[in-house]
Amino acid sequence: MEYFSNQIGTLVERLSTLPGIGSKSAQRLAYHIINMPQEQVDALAKSMVDAKRNIHYCKECQTLTDGEICPICASPNRDHHVIMVVENPRDQAAYEKTGKFTGVYHVLHGAISPMLGIGPADIRLKELMTRLAGDVDEVIIATNSSLEGETTAMYISKLIKPTGIKVTRIASGVPVGGDLENIDEVTLLRALEGRTEL
Ligand code: ZN
């Protein structure tokens, strides 16, 4: 006889496919969900389905949004001539939390990694180059300081240089191999203010 009922087993199994959720956490979550009021479980499930169904890439910056264009790209209060390039929406959120960056973003959804077989065509670089045909004064490359992040920064700067647009790289101070999302706001701001031209 199975220890778990089939449906609990399925729930545990599905939850454990999520990042950072091992089988123990999955079991804990499964029991928690089963003990939640029905309407809360319905709302949780619905928010997952709705988000998956309605959220897509912003036509401009490629971040995740439920509109055609994200609120930052749509804002007249942002400086659309300065574009900060980040690896993912979490890094964008980290910079946005500082409240000090007034430009717009471009989200690559990854970084170039020859080791993992991720090339320039596998991230949203083509979309960035298309945007640069418009009126852009500066591109700030804020990819992580990992090997992949540095490789990507180098590649992008080489690509942009011939256009004559100013390309800068956020200062180190962001620890090597550090993910932007785990770094405090002061360090992020210092990295932004201390950016150097490539
Ligand atoms: Zn956008």
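The structure we're discussing is the one just above.
Overview of the structure. (Residues numbered from 1 in each chain as written. Predicted model: local features only at pLDDT ≥ 70, side-chain atom pairs only at ≥ 80, totals over all residues. Heavy atoms only, no water.)

**Here's the deal with the sheet that holds strand E6 (residues 166-169)**
Strands pair in a sheet through their backbones, by hydrogen bonds, and they do so in one of two ways: parallel or antiparallel. Note the threshold: Any two strands between which DSSP finds at least two bridges are classified as paired. Only DSSP runs of H or I with at least four residues qualify as helices, and only runs of E with at least two residues qualify as strands; both kinds are numbered from the N terminus onward. Contacts are assigned to residue pairs with any non-hydrogen atoms lying within 4.5 Å of each other. All axes are obtained by fitting lines to C-alpha atoms, using only the stretch in contact for helices, and the reported angles, taken between N-to-C directions, cover 0 to 180 degrees.
Ordered by their spatial adjacency, 5 strands build an open sheet running E4-E3-E5-E6-E7, and the pairing between neighbours is mixed. Because the sheet does not close on itself, it has two edges, and the strands there are strand E4 (103-107) and strand E7 (196-197). Sheet topology note: the strand E3 (residues 79-86)/E4 ladder contains 5 bridges and is parallel. If you follow Met 84 over to E4, its bridge partner there is Tyr 105. Along the sheet face, helix H5 (residues 89-98) touches E3 and E4 and points at about 160° away from the line of E4.

**Side note on helix H7 (residues 147-160)**
Going by this rule: Expected helix span is taken as 1.5 Å per residue step, with the number of steps being one fewer than the number of residues. The buried label applies to any residue whose accessible area, calculated with a 1.4 Å probe on protein chains only, is under 20% of its type's maximum; exposed applies above 50%, and partly exposed to all values in between. Here the arc refers to the directions that run from the helix axis out to each C-beta atom.
For H7, with 14 residues, the first-to-last C-alpha span of 20 Å sits near the 20 Å given by 1.5 Å per residue. Among all positions in H7, only Gly 149, Thr 152, Ala 153, Ile 156, Ser 157 and Ile 160 are buried. All buried residues of H7 project into a common sector of 130° when viewed along the axis, lining one side. What points out from H7, more than 90 degrees from its buried face, is the exposed set Leu 147, Met 154 and Lys 158. On its buried side, H7 packs onto E3, helix H6 (125-131), strand E5 (138-141) and E6.

**What to know about unusual backbone geometry**
Phi at Gln 62 takes a positive value of approximately 75°, unusual for a residue other than glycine. For Gln 62, a relative accessible area of 4% corresponds to the buried category. Of note in this structure, His 109 is not a glycine but carries a positive phi near 60°. By the element assignment, His 109 lies in the loop between E4 and H6. A residue is classified by how much of its surface remains accessible, and His 109, at 23% relative accessible area, is partly exposed.

**What to know about the side chain of Arg 131**
Let me state the cut-off plainly: Polar contacts here mean pairs of N or O atoms no more than 3.5 Å apart (in protein, one a potential hydrogen donor and the other a potential acceptor; neighbouring residues in sequence count only if both atoms are side-chain atoms).
Structurally, the position occupied by Arg 131 is in helix H6. For Arg 131, a relative accessible area of 14% translates into the label buried. Here the side chain of Arg 131 touches His 106 through a polar contact of 3.1 Å, side chain to side chain. Not counting chain neighbours up to four residues away, the residues in contact with Arg 131 comprise Glu 60, Cys 61, Ile 83, Val 104, Tyr 105, His 106 and Val 136.

**A closer look at the environment of Tyr 105**
The residue Tyr 105 is located in strand E4 in this model. Here Tyr 105 falls in the buried class, since its relative accessible area comes to 1%. For the pair formed by Tyr 105 and Cys 61, sequence separation is 44 residues and the distance between their alpha carbons is 5.9 Å. Engagement of the side chain of Tyr 105 in a polar contact is seen with the side chain of Glu 96, the distance being 2.5 Å.

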